[in-house]
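# Breakdown of the fold
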Amino acid sequence: QGPLVESGGGLVQPGRSLRLSCTAPRTITSVFNPSTMAWYRQAPGKERALVASITSRGITEYADSVKGRFTISRDASRKAVYLQMNDLAPEDTAVYYCNRQLDGRNFWGQGTQVTVSS
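Residues numbered from 1 in each chain as written. Predicted model: local features only at pLDDT ≥ 70, side-chain atom pairs only at ≥ 80, totals over all residues. Heavy atoms only, no water.

Moving on to the sheet that holds strand β3 (residues 18-23). The strand order across the open sheet formed by four strands is β1-β3-β8-β7, and the pairing between neighbours is antiparallel. Lying at the two open borders of the sheet, with one neighbouring strand each, are β1 (5-7) and β7 (70-75). This sheet shows a mean twist of 15° between the axes of neighbouring strands, independent of strand direction. Pairing of β7 with strand β8 (residues 80-85) involves six bridges; the strand directions are antiparallel. The residue of β8 that forms the bridge with R74 is V81. (Pairing = 2+ DSSP bridges. Helix = DSSP H or I, 4+ residues; strand = E, 2+ residues; numbered from the N terminus. Axes fitted to C-alpha atoms, helices over the stretch in contact; angles between N-to-C directions.)

The next thing to look at is the packing of aromatic side chains. In the structure shown here, the tally under the stated rule is one aromatic pair. Between the NZ or CZ atom of R48 and the centre of the ring of Y97, over which it lies, the distance is 3.7 Å. (Phe/Tyr/Trp six-rings, centres within 6.5 Å; stacked < 30°, edge-to-face > 60°. Lys NZ or Arg CZ within 6 Å of the ring centre and 35° of its normal.)

With that settled, the discussion passes to the state of the cysteines. Applying the stated criterion to the full structure yields one disulfide. Each sulfur in the disulfide pair C22 and C98 lies 2.0 Å from the other. One quick way to see it: the torsion about the S-S bond of C22 and C98 is about -85°, and its sign makes the bridge left-handed. Placement of C22 in strand β3 and of C98 in strand β9 (residues 94-102) is noted, with a sequence separation of 76 residues between them. (Disulfide = S-S within 2.5 Å.)

What follows is about the side chain of D75. Along the polypeptide, D75 turns up in strand β7. Residue class for D75 comes out buried when judged on its relative accessible area of 17%. Setting aside residues no more than four positions away along its own chain, D75 makes contact with F32, A80 and Y82. (Buried < 20%, exposed > 50% of the residue type's maximum accessible area, 1.4 Å probe, protein only. Contact = heavy atoms within 4.5 Å.)

One pass over the structure, following the stated rule, counts five salt bridges. With a closest N to O distance of 3.0 Å, D64 and K67 form a salt bridge. Of the residues examined, D64 reaches a relative accessible area of 65% and is grouped as exposed. Taking the shortest distance from any N to any O, the salt bridge between R105 and D103 comes out at 3.7 Å. Looking at R105, the relative accessible area reads 44%, which means it is partly exposed. Each of R41, R69 and D92 takes part in one network of salt bridges that share partners. (Salt bridge = Lys/Arg side-chain N within 4 Å of Asp/Glu carboxyl O.)

Another aspect to go through is the pairing of strand β10 (residues 105-108). Direction of pairing for β9 relative to β10: antiparallel, over a ladder of four bridges. By the bridge assignment, N99 is partnered in β10 with W108. Between the end of β9 and the start of β10, which pair antiparallel, lie two residues, with D103 showing a positive phi angle near 55°.

What follows is about the environment of D92. You can see D92 is positioned in the loop between β8 and β9. Aside from chain neighbours lying at most four places away, what touches D92 is R41, R69, F70, D87, V114 and V116. Side chain to side chain, D92 and R41 meet in a polar contact 2.9 Å long. (Polar contact = N/O pair within 3.5 Å; in protein donor to acceptor, adjacent residues only side chain to side chain.)

See below:
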C-alpha cells in the first residue's frame, strides 16, 4: 500500500484553529477502512508522539495535552482522516504526521508543519 498525504498545516496565532487532512490515494477502500488511523507530532528535539487515534469503529483516544481541544474523525468514502485543532498554543508547534496501521504494519505521510506563534 502507498503512503499517506497530509495537508492543512500552516502558521497561526495562539487561540486560532486549523484542520489537518490525511488521504490515502493509493490504498483501496477495503484496506483503508479496517485500519486504525492516527495523528502523531514531532517537535524539534522531541520524540514523535501520539496525538490522537481512531479505530475502524470510531473509537478515539487523545493525548492528555490535546483533550478538549483536538478532534479526530474519519470519512470512509473519501479514505480520509482529519484532525480539527482548536485553541492552538505554541506548544502545539510540530510536524504532524498521519499514520495508518493494520496487521502490525504502519504507513506514514511526509508530514505537515504546524507553527503556532504570535
